[in-house]
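# Structural description and commentary
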Amino acid sequence: MLDTLPLQMGVAPFALIFGTLAGPAGLSPWATLAMSVFVYAGSSQFLALSLLAAGAALPVIVLTTLIVNLRHALYSATLQLPFAHLPFLCRAALAFFLTDETFAVVQSAASRQIAPLDAVMFGSGVVNFSTWVSFTALGIVLGQNIPALQHWGLEFAMVATFTGIVVPLLVTRAQVACALVAGVTALLAHGLPYKLGLLLAVFAGVFAAMHIKEKA
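Residues numbered from 1 in each chain as written. Predicted model: local features only at pLDDT ≥ 70, side-chain atom pairs only at ≥ 80, totals over all residues. Heavy atoms only, no water.

An unreviewed UniProt entry annotates the protein as Branched-chain amino acid ABC transporter permease originating from Deefgea chitinilytica. The record held by UniProt for the protein lists under Subcellular location (unreviewed entry) the comment "Cell membrane". According to its UniProt record, the protein has this under Sequence similarities (unreviewed entry): "Belongs to the AzlC family." (UniProt positions renumbered as here; feature names shortened; annotations may be inferred.)

Further remarks concern the UniProt feature "transmembrane region" (unreviewed entry) in the protein. As annotated by UniProt and renumbered to match this structure, "transmembrane region" (unreviewed entry) occupies residues 12-40, 46-69, 119-142, 154-172 and 192-212. Helix makes up 100% of residues 119-142 and strand 0%, and the two end C-alpha atoms of the span are 34 Å apart. (Helix = DSSP H or I, 4+ residues; strand = E, 2+ residues; numbered from the N terminus.)

With that out of the way, let us pick up the packing of helix α5 (residues 71-83) against helix α7 (residues 100-111). Remark: α5 packs on α7, axes separated minimally by 11 Å, with the N-to-C direction vectors making an angle of 30 degrees. Put simply, α5 runs roughly parallel to α7. Crossing hand, α5 versus α7: left-handed. Along its contact with α5, which presents R71, Y75, T78, L79 and F83, the element α7 presents D100, F103, V106 and Q107. Considering only residue class, the contact of α5 with α7 consists of 5 nonpolar, 2 polar and 2 charged. (Axes fitted to C-alpha atoms, helices over the stretch in contact; angles between N-to-C directions. Parallel < 35°, antiparallel > 145°, perpendicular 65-115°, else oblique. Left-handed = near helix turned anticlockwise from the far one by under 90°. Contact = heavy atoms within 4.5 Å. Nonpolar A, V, L, I, M, F, W, Y, C, P; charged D, E, K, R; others polar.)

Before going further, it helps to examine the side chain of Q45. As for its placement among the helices and strands, Q45 is situated in helix α3 (residues 42-53). Those residues within four positions of Q45 in sequence are excluded, and the remaining contacts are F18, M35, S36, V39, Y40 and W132.

Below, the discussion takes up a nonpolar patch on the surface. Taken together, L63, L66 and L70 make up a surface patch of nonpolar side chains, about 270 Å² in accessible area. Relative to the helices and strands, L70 resides in the loop between α4 (58-68) and α5. The exposure class of L70 is partly exposed, given its relative accessible area of 36%. (Patch = residues over 30% accessible without salt bridge, like charges linked within 9 Å, V, L, I, M, F, W, Y side chains within 5 Å. Areas by Shrake-Rupley, 256 points an atom, 1.4 Å probe, with all protein chains shown as cover. Salt bridge = Lys/Arg side-chain N within 4 Å of Asp/Glu carboxyl O. Buried < 20%, exposed > 50% of the residue type's maximum accessible area, 1.4 Å probe, protein only.)

Below, the discussion takes up α5. Under the 1.5 Å per step criterion, the end-to-end length of α5 is 18 Å for 13 residues, consistent within 8% with the ideal 18 Å. Bending of α5 peaks at approximately 30 degrees at the position of A77. Here α5 has its buried residues at H72, Y75, L79 and F83. Residues of α5 that are buried make contact with α6 (88-95), α7 and α8 (117-143). (Expected span 1.5 Å × (residues − 1). Bend = angle between axes of the 7 residues up to and from the residue.)

We now examine the packing of aromatic side chains. Following the criterion strictly, the structure yields 11 aromatic pairs and no others. Considering the side-chain rings of F97 and F129, the 6.3 Å spacing of their centres and the 85 degrees angle between planes classify their relative orientation as edge-to-face. In this pair, F97 is assigned in the loop between α6 and α7 and F129 in helix α8, connecting sequence segments 32 residues apart. One aromatic cluster is present, formed by Y40, F96, F97, F122 and F129 through successive ring pairs. (Phe/Tyr/Trp six-rings, centres within 6.5 Å; stacked < 30°, edge-to-face > 60°.)

Mapping T4 onto the fold places it in the segment before α1 (8-25). What makes T4 buried here is its relative accessible area of 0%. Once residues within four sequence positions are removed from consideration, T4 is found in contact with V105, S124, V127 and N128.

Turning our attention to the confidence of the model for the protein. Residues shown with low pLDDT carry predicted positions that ought not to be read at fine detail. Per-residue confidence for the protein gives a mean pLDDT of 86, with 94% of residues at or over 70. Across the protein, helix α2 (residues 29-38) holds the top mean pLDDT of 94, while helix α9 (residues 156-166) sits lowest at 73. (pLDDT = per-residue confidence, 0-100.)

Okay, here's the thing in structure tokens:
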């Protein structure tokens, strides 16, 4: 829980902006809060908002958010071995808490040989989830009382947080290559529809890391 607290400096303003934007996009306050409670996926929630505002069909919204969240399949594959001994229902419950921030905390704990990792993941997930939901609620309230809150540039905190998550994990040549290739690919493919550039960046980064490992 303590390891996750510094990361909330990025999560809190991100959730605040989501709560602010949801009303103008057509969601009621209760629907906005329910999305943060039950969907609990920051980037996908923002993407769903933009698609809802554009009048996109439900299958398009579902498929697009699925593509954006495919990176969680890679997170899950990484954590499969350390969590394989747990019962299925326990793993399913912990999977709900699998976010970028919690994955980084669990990976850091694993590298420091801190156990049990399921307790680490649960503690981190509770902190992250609580921040996301509470600041979504705060964003709903402030969005109705403070005009143009979404234009204050608060989203930069999330960029800084992700940078803080990723950089300490870049230890080997393969990891550095993965981050660089993924970053450049995401930048070059930014204009692709439905955020497909993110998925392309994931595969390019993984391929680069595997290539470096094979040469080593």
